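# Chain and residue survey
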Amino acid sequence: MIKKIILSVITISVILVAAIFIYRYQILQYSAERFIKSLLPNYVTIEGLSFEPHDNKISVKGFKILNPPDFSNIYLLEIDTISCKYRLRGKTLFDGFEVTEPIFKDAVLNIERLGDGKINLNEMKQFIEKSSGSVAPSGKKVPAKASSTLAGTKKLPDLVKLPEVFNVKNGKLVFIDRHVKPKTHLISFEGVEAAISLKLNDTYTQMLNLSSTGQGFLNGGQKETIRWTVSLNPQTPKLTMSNRFEVSSVNMLTFEPYYDKYSPLVFKKGTFSGTLIFDFDNGSIGSTNEVHLSDLLFYVKRDHENSEFWGTSVKDLAKYFASPFGDIVFDFKIKGDMSNPQFYLGPISKQALASMAIDKVSSLIENASKSQQPGQNGAKSDIEKAGEYIEMFKEMIKKK
């Protein structure tokens, strides 16, 4: 649904730009501005419009998209200022014009998941249909309104040439999760600076490709930086998307509600940096990740599977997984269908576990040989435990 939101914002923005340009000589009149606002769908509002002919600049103030009902924020998306420049494509207005240097300044996107699992982005489709009147009371769809021609018989693509790159300045993304326990969890990305590359079809009604590069700060912390490069192909039946994230000095406890049930350890503090890659190919996932953990304080869960194995080595984890710089390095892979992905250790983690297993097994065998005397069962116990370590290690290491 996010691609539909982006497409809607871009399309509505272009309609506004075209309307302002066409009515530029009357834009200072209240009636002209009111007419342009009437072009907007019911779920979109704007505060004001401006046209600066000397600078060839057009601006839209207070662009807002309403949130579906039952969600906490009034607006799904708020953009303080949408601005761009323009130039004629020919000698007259009817030759059309080209939009250049589009900037979305101080944009805030509010994503929310309710306790029942509903997400506002997913609910937008039905909300937009109801708001635009495309669904009759009987539930049957009615034909959508014809696109505004704005100037004679010319349609929007005839008048306006869109750029392929849109810039976001000082953006913010807020994620409110009411589905996790025991309480509502909030994560924000602030100070977002990003470039959005968008390729549309000839009629500006369908997205062919979407990509973005940028960075932001987790929860406003200037040291907790996340940089990304993402690309989406919306033309495939199932999700096809590549994602690469470079994470720096992020507080790992921020994501505790999402990793805690999978982790054999309880972290009291710690930061992580590294590279996270998530590639989706028509519904299948291929992910390679390397995480560097620093300033850790943790303990082992008592009821976790193989907790005894982890418990015997918890003090040694730093030694086996430590990098030359003193932090702990852990890598892993995720493969398979998105409905049932499989997790695998990476080569660094496998090597660390191999070293740890060799030391533990060697120590147990040495203890067993020292205590091996008639009538004593200590040797048998240590050897059996060594065998258990070997079997557990084999299960971990065999997955590719």
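Residues numbered from 1 in each chain as written. Predicted model: local features only at pLDDT ≥ 70, side-chain atom pairs only at ≥ 80, totals over all residues. Heavy atoms only, no water.

## Comments concerning the overall build of the chain
Looking only at helices and strands, the chain has nine helices and 15 strands in total. The buried share among the 400 residues of the chain stands at 42%. Within the chain, counting contacts between residues at least 6 apart in sequence, those at least 24 apart form 57% of the total. Of the roughly 22500 Å² of accessible surface on the chain, 54% is carried by carbon and sulfur atoms. (Helix = DSSP H or I, 4+ residues; strand = E, 2+ residues; numbered from the N terminus. Buried < 20%, exposed > 50% of the residue type's maximum accessible area, 1.4 Å probe, protein only. Contact = heavy atoms within 4.5 Å. Areas by Shrake-Rupley, 256 points an atom, 1.4 Å probe, with all protein chains shown as cover.)

## Details of the packing of aromatic side chains
Tallying each qualifying case throughout the model produces four aromatic pairs. Here the aromatic rings of Phe255 and Phe272 are separated by 6.3 Å at their centres, their planes lie at 65°, and the arrangement is edge-to-face. Of this pair, Phe255 sits in the loop between β11 (241-251) and α5 (256-259) while Phe272 is found in strand β12 (residues 265-281), placing the two residues 17 residues apart along the sequence. Owing to a relative accessible area of 22%, Phe255 belongs among the partly exposed residues under this scheme. On the basis of relative accessible area, Phe272 is assigned to the buried category, the value being 15%. Centroid distance Tyr259 to Phe267: 6.1 Å. Interplanar angle 85°. Geometry classified as edge-to-face. The same class applies to Tyr259 as to Phe267, namely buried. (Phe/Tyr/Trp six-rings, centres within 6.5 Å; stacked < 30°, edge-to-face > 60°.)

## Section: the pattern of salt bridges
Side chains bearing opposite charge may pair, as long as their charged atoms lie close to each other. Evaluated as defined, the whole model comprises eight salt bridges. One salt bridge connects Lys64 with Glu47, and the closest N-O pair in it is separated by 3.4 Å. Highlighted residues: Lys64 in strand β3 (residues 57-66) and Glu47 in the loop between β1 (44-45) and β2 (48-52), separated in sequence by 17 residues. When its relative accessible area of 18% is taken as the criterion, Lys64 is described as buried. In this structure Glu47 comes out as exposed when scored by relative accessible area, which is 51%. Of the charged contacts in the structure, one is a salt bridge between Asp295 and Lys269, with a shortest N-O distance of 3.5 Å. Of the two residues, Asp295 sits in strand β13 (residues 284-300) while Lys269 sits in strand β12, which places them 26 residues apart along the sequence. Judged by its relative accessible area of 37%, Lys269 falls in the partly exposed class. (Salt bridge = Lys/Arg side-chain N within 4 Å of Asp/Glu carboxyl O.)

## Looking at the side chain of Asn67
Mapped onto the fold, Asn67 is located in the loop between β3 and β4 (75-88). Here Asn73 takes part through its backbone oxygen, which lies 3.1 Å from a polar atom of the side chain of Asn67. If near-sequence neighbours (up to four positions away) are discounted, Asn67 is found in contact with Asn73, Ile74, Tyr75, Leu76, Asn120 and Phe127. (Polar contact = N/O pair within 3.5 Å; in protein donor to acceptor, adjacent residues only side chain to side chain.)

## Brief notes about the pairing of strand β14 (residues 328-337)
Along any regular strand, the residues point their side chains to alternate faces of the sheet. Where β13 and β14 come together, ten bridges link them in antiparallel fashion. When the sheet's bridge partners are listed, Gly286 is paired in β14 with Lys335. Inspection of the sheet shows β14 paired to strand β15 (residues 342-345) by four bridges, in the antiparallel sense. Each residue of the ladder has a partner; that of Phe332, found in β15, is Leu345. Here β14 hands over to β15 after four residues, the two strands then running antiparallel side by side. (Pairing = 2+ DSSP bridges.)

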